[in-house]
Amino acid sequence: MMHENDLEFVTEVDGKVIPPPSAKPTNNVLANMKAGGVAGGSSLNNISGSNASGYTPGSSLPLGASFNQSAHPTACLFHILFKGIAFTVYMLGSRAMEGIMVTVICILLLAADFWVVKNITGRLLVGLRWWNKVDPVTGQTSWIFESASPTSPDGTNSTTNSFDSKFFWTILYVTPILWALCFMSAILWLRFNCFVTLAIALVLSFSNVYGYYKCSADQRAKLNDMFNAGAEMGMRAMIRNNVFGRLGGMFSGGNTQQQGTAPQVHPGTFA
């Protein structure tokens, strides 16, 4: 039996899109999580805003934004909670405890953050989820990327909250950038004892970015458009500044100079 608050997902398995079934068993755990995360008892189907992936990379959250604008404030809190604690422990923990203890605590926090983002906040904030399953017969692993259907089972609009979508994608994209900066800093300062923590942080954060990027066709289209626009702007700038002509002149000038400075041998005899 399907309840009103159930999410209906469109599944993509190894590049093949599988349409959602007409009916499916109720996910009581997901229903309870959603019921606990909705402010004032409102359901996901009654939320107005952008679609599940209505965030353009590079845009920022509105000034003065607060969790009061969120339909799932608890999910938003946990979306950033473990990340913030892990980053704080990494930056300041070495002053209060031994290095090995900092590494262990950071790894535990990063693992908790990966699980929360992958299994809870992605579903509630943007209606996306990704996971994998192993065929018990062949042992082959299949990666499954799912996105919530634009309409709920009862035919009403099930788009997500605009604040939730922007908050989710902003934090998701910023996290690996921060850890990458820390990794570069550790290389410059030769802090080899931090490499294990930073490597795990980069792998887990990039895994969630890639998983949700594959889930959201809208995000894939927006990132492709952004990269194409950047490449087009770069080509226009190079043409406008005659970069190719200058490069050709440098090579031709070098060849002319080599030909002009070549020694000349004249026939003759010495007295």
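Residues numbered from 1 in each chain as written. Predicted model: local features only at pLDDT ≥ 70, side-chain atom pairs only at ≥ 80, totals over all residues. Heavy atoms only, no water.

Undergrad: Is there a simple way to explain the overall build of the protein chain in this structure?
TA: Helix and strand counts for the protein chain come out as seven helices and four strands. What you see in the protein chain, going N to C, is helices and strands ordered as β-β-α-α-α-β-β-α-α-α-α. Within the protein chain, the fraction of its 271 residues that count as buried is 34%. Residue pairs in contact within the protein chain that sit at least 24 positions apart in sequence constitute 74% of those at least 6 positions apart. Of the roughly 16,200 Å² of accessible surface on the protein chain, 65% is carried by carbon and sulfur atoms. (Helix = DSSP H or I, 4+ residues; strand = E, 2+ residues; numbered from the N terminus. Buried < 20%, exposed > 50% of the residue type's maximum accessible area, 1.4 Å probe, protein only. Contact = heavy atoms within 4.5 Å. Areas by Shrake-Rupley, 256 points an atom, 1.4 Å probe, with all protein chains shown as cover.)

Undergrad: Quick question: what am I supposed to make of the side chain of Thr 197 here?
TA: Structurally, Thr 197 is set in helix 5 (residues 195–215). Contacts of Thr 197, omitting those with residues within four sequence positions, involve Tyr 90, Thr 103, Cys 106 and Leu 110.

Undergrad: For this particular structure, what's the right way to read the pattern of salt bridges?
TA: Between side chains of opposite charge, a pair can form as their charged atoms come close. Tallied over the entire structure, the rule returns two salt bridges. Here Asp 113 makes a salt bridge to Lys 83, at a shortest N to O gap of 2.9 Å. With a gap of 30 residues between them, Asp 113 in helix 3 (residues 99–126) and Lys 83 in helix 2 (residues 73–92) connect regions that are remote in the sequence. We classify Asp 113 as buried; its relative accessible area is 9%. For Glu 146, the salt bridge identified is with Arg 129, shortest N-O distance 2.3 Å. Taken as a pair, Glu 146 in strand 4 (residues 141–148) and Arg 129 in strand 3 (residues 128–134) lie far apart in primary sequence, 17 residues in all. The exposure class of Glu 146 is buried, given its relative accessible area of 6%. For Arg 129, a relative accessible area of 14% puts it in the buried group. (Salt bridge = Lys/Arg side-chain N within 4 Å of Asp/Glu carboxyl O.)

Undergrad: When you look at unusual backbone geometry in this model, what are you seeing that I'm missing?
TA: Glycine aside, residues mostly have negative phi, and peptide bonds are mostly found in the trans state. Positive phi, normally seen in glycine, also occurs at Leu 190, with a value near 55 degrees. Summarising the element assignment, Leu 190 is placed in the loop between helix 4 (162–188) and helix 5. The class of Leu 190 is exposed, set by a relative accessible area of 56%.

Undergrad: How should the packing of helix 3 against helix 4 be read in this particular structure?
TA: If you want to describe how two helices pack, look at the angle between their axes and the distance between the axes. Two elements in contact, helix 3 and helix 4, have axes whose closest approach is 10 Å; the angle formed by their N-to-C orientations is 155 degrees. By the angle between their axes, helix 3 is roughly antiparallel relative to helix 4. In this structure, helix 3 crosses over helix 4, and the sense of that crossing is left-handed. Here Leu 110, Val 117, Thr 121, Gly 122, Leu 125 and Val 126 of helix 3 come into contact with helix 4, specifically with Asp 164, Ser 165, Phe 168, Trp 169, Leu 172 and Trp 179. (Axes fitted to C-alpha atoms, helices over the stretch in contact; angles between N-to-C directions. Parallel < 35°, antiparallel > 145°, perpendicular 65-115°, else oblique. Left-handed = near helix turned anticlockwise from the far one by under 90°.)

Undergrad: What exactly am I supposed to notice about helix 5 here?
TA: Think of an α-helix as 3.6 residues a turn; residues three or four steps apart then line up on the same face. The terminal C-alpha atoms of helix 5 lie 30 Å apart, and with 21 residues this matches the ideal 30 Å at 1.5 Å per residue to within 8%. By the burial criterion, the buried members of helix 5 are Thr 197, Leu 198, Ala 201, Leu 202, Ser 205, Asn 208, Val 209, Gly 211, Tyr 212 and Cys 215. (Expected span 1.5 Å × (residues − 1).)

Undergrad: Help me out: how do you make sense of the confidence of the model for the protein chain in this one?
TA: Atom-level detail of predicted coordinates should not be read off regions where pLDDT is low. Summary statistics for the protein chain give a mean pLDDT of 74 and a share of 57% for residues scoring 70 or more. Taken element by element, the protein chain is modelled with least confidence in helix 1 (residues 28–37), mean pLDDT 44, and with most confidence in helix 2, mean pLDDT 95. Ignoring residues within four places in sequence, the model shows residues 23–55, a span with pLDDT below 50, making 85 contacts including any to other chains. (pLDDT = per-residue confidence, 0-100.)

Undergrad: How should the packing of aromatic side chains be read in this particular structure?
TA: In this description, an aromatic ring pair is defined by two values, namely the gap between the centres and the angle between the planes. Counted under the stated rule, the structure contains 11 aromatic pairs. With centroids separated by 5.4 Å and ring planes inclined at 80 degrees, the aromatic side chains of Phe 192 and Phe 195 adopt a geometry described as edge-to-face. Here the aromatic residues Phe 168, Trp 169, Tyr 173 and Tyr 212 are joined through ring pairs into a cluster of three or more. Above the plane of the ring of Trp 130 lies Lys 118, whose end atom (NZ or CZ) is 5.1 Å from the centre. (Phe/Tyr/Trp six-rings, centres within 6.5 Å; stacked < 30°, edge-to-face > 60°. Lys NZ or Arg CZ within 6 Å of the ring centre and 35° of its normal.)

Undergrad: Can you walk me through the environment of Ala 201 in this structure?
TA: Examined against the element boundaries, Ala 201 turns out to sit in helix 5. Taking relative accessible area as the criterion, Ala 201 reaches 1% and is therefore assigned buried. Each C-alpha atom of the pair Ala 201 and Leu 178 lies 10.0 Å from the other, and the pair is 23 residues apart in sequence. Beyond its immediate sequence surroundings of up to four residues, Ala 201 is in contact with Leu 110 and Trp 179.

Undergrad: I keep staring at the nonpolar core and nothing clicks. Help me out?
TA: For soluble globular proteins, the rule of thumb is that nonpolar side chains tend to be buried together. The biggest cluster of nonpolar side chains holds 21 residues, and the ones touching the most others in it are Phe 168, Trp 169, Leu 172 and Tyr 212. Among the elements of the structure, helix 2, helix 3, strand 3, helix 4 and helix 5 are those that each provide at least two residues to this core. If one sorts the elements of this core by residue count, helix 4 sits on top with seven residues. With near-sequence residues (within four places) excluded, Phe 168 lies in contact with His 79, Val 117, Thr 121, Gly 122, Leu 125, Val 126 and Tyr 212. Within the second largest apolar cluster, 16 residues are counted, among which are Tyr 90, Val 102, Cys 182 and Leu 198. (Core = buried A, V, L, I, M, F, W, Y, C linked by side-chain atoms within 4.5 Å.)

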